[in-house]
Amino acid sequence: MQDRASRTREVILRAAATVFDDRGYVGTRLEDVVDGQGISKGALYFHFPSKEALAAAVVREHYDLWSELTDRLRPEHPRAVRLLIELSRRIAQMLLHQTGVRAGLRLMSERNLIGPSVPRPFVSWVTAVEGLLTEAREQGDLRPDVLPGPTAVVIVSAFAGLPQALAAGAEPADPVGWATALWRSLLPGLVTAPCAAEMYAVLEEPPGG
């Protein structure tokens, strides 16, 4: 019974991510989530008693994405600036291919429409980026006038706005290309000239390259 309940919950979360990604929080009804999924409303309400609870669960599924990817990729990329670039472009790939990631980001941006049960948007991302910028300073790559805390907020804010820009029809509709363009703009004011030259070469490589 526990396995069945767990599978049902996962089906609901996947279906909810698809609908939230397409319609946003306000435009989604709970009936839309279970429609065509072979799941009763009773089963839906057993796992998620409200639309707010369902949205919060979708967000929590992806809230720690940046820190989880950091742990996974760190052995491959000990250089903090290189790791930060790789992280952002991997997440951009996920935006292109994974509905759950897009839905989580959209719902985080709509938190004021949902309620307090949704985690505060992007807090863990800012913390992770600030930590990497601090590491970059210790590695001698960060410009001396760059403050890790405020700069982390700027980077995350710029990246978090990407799904909204793409949803509004920004061209080209290529999250990885936009992330690459973002770094080309940020690097000169962020890192030393030798580091920037190296990272420009990195930006010529495909994510994961």
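Residues numbered from 1 in each chain as written. Predicted model: local features only at pLDDT ≥ 70, side-chain atom pairs only at ≥ 80, totals over all residues. Heavy atoms only, no water.

### Digging into the overall build of the protein chain
Regarding its fold elements, the protein chain presents 13 helices and zero strands. Along the protein chain, from the amino end to the carboxyl end, the secondary structure elements read α-α-α-α-α-α-α-α-α-α-α-α-α. Principal axes of the C-alpha set define a box for the protein chain whose edges measure 60 × 35 × 30 Å. The buried share of the protein chain, taken over its 209 residues, is 47%. Pairs at least 24 apart in sequence give 68% of the contacts found in the protein chain among residues at least 6 apart. Approximately 10300 Å² of the protein chain is accessible, and the part contributed by carbon and sulfur atoms is 54%. Taking the 22 positively charged and 25 negatively charged side chains of the protein chain as two groups, their mean positions are separated by 4 Å. (Helix = DSSP H or I, 4+ residues; strand = E, 2+ residues; numbered from the N terminus. Buried < 20%, exposed > 50% of the residue type's maximum accessible area, 1.4 Å probe, protein only. Contact = heavy atoms within 4.5 Å. Areas by Shrake-Rupley, 256 points an atom, 1.4 Å probe, with all protein chains shown as cover. Lys, Arg positive; Asp, Glu negative; His and termini not counted. Charge placed at Lys NZ, Arg CZ, Asp CG, Glu CD.)

### A short note on the pattern of salt bridges
Inspection of every chain in the model, using the stated rule, returns 14 salt bridges. Put simply, Glu198 and Arg79 hold a salt bridge, and the shortest N to O gap is 3.1 Å. You can see Glu198 sitting in helix α13 (residues 193-203) and its partner Arg79 sitting in the loop between α5 (65-73) and α6 (80-97), a full 119 residues away along the chain. The exposure class of Glu198 is partly exposed, given its relative accessible area of 40%. One salt-bridge network, held together by shared partners, links Asp22, Arg23, Arg29 and Asp32. (Salt bridge = Lys/Arg side-chain N within 4 Å of Asp/Glu carboxyl O.)

### What about the nonpolar core?
In terms of nonpolar packing, the biggest core is built from 68 residues, with Phe20, Leu54, Trp66 and Trp125 touching the most fellow members. The element best represented in this core is α6, accounting for 10 residues. (Core = buried A, V, L, I, M, F, W, Y, C linked by side-chain atoms within 4.5 Å.)

### Description of helix α4 (residues 51-62)
For α4, with 12 residues, the first-to-last C-alpha span of 17 Å sits near the 16 Å given by 1.5 Å per residue. Turning to α4, its buried residues number three or more, namely Lys51, Leu54, Ala55, Ala56, Ala57, Val58, Val59 and His62. Each element contacted by the buried residues of α4 is listed here: α1 (2-23), α2 (30-34), α5, α7 (99-109) and α8 (111-114). (Expected span 1.5 Å × (residues − 1).)

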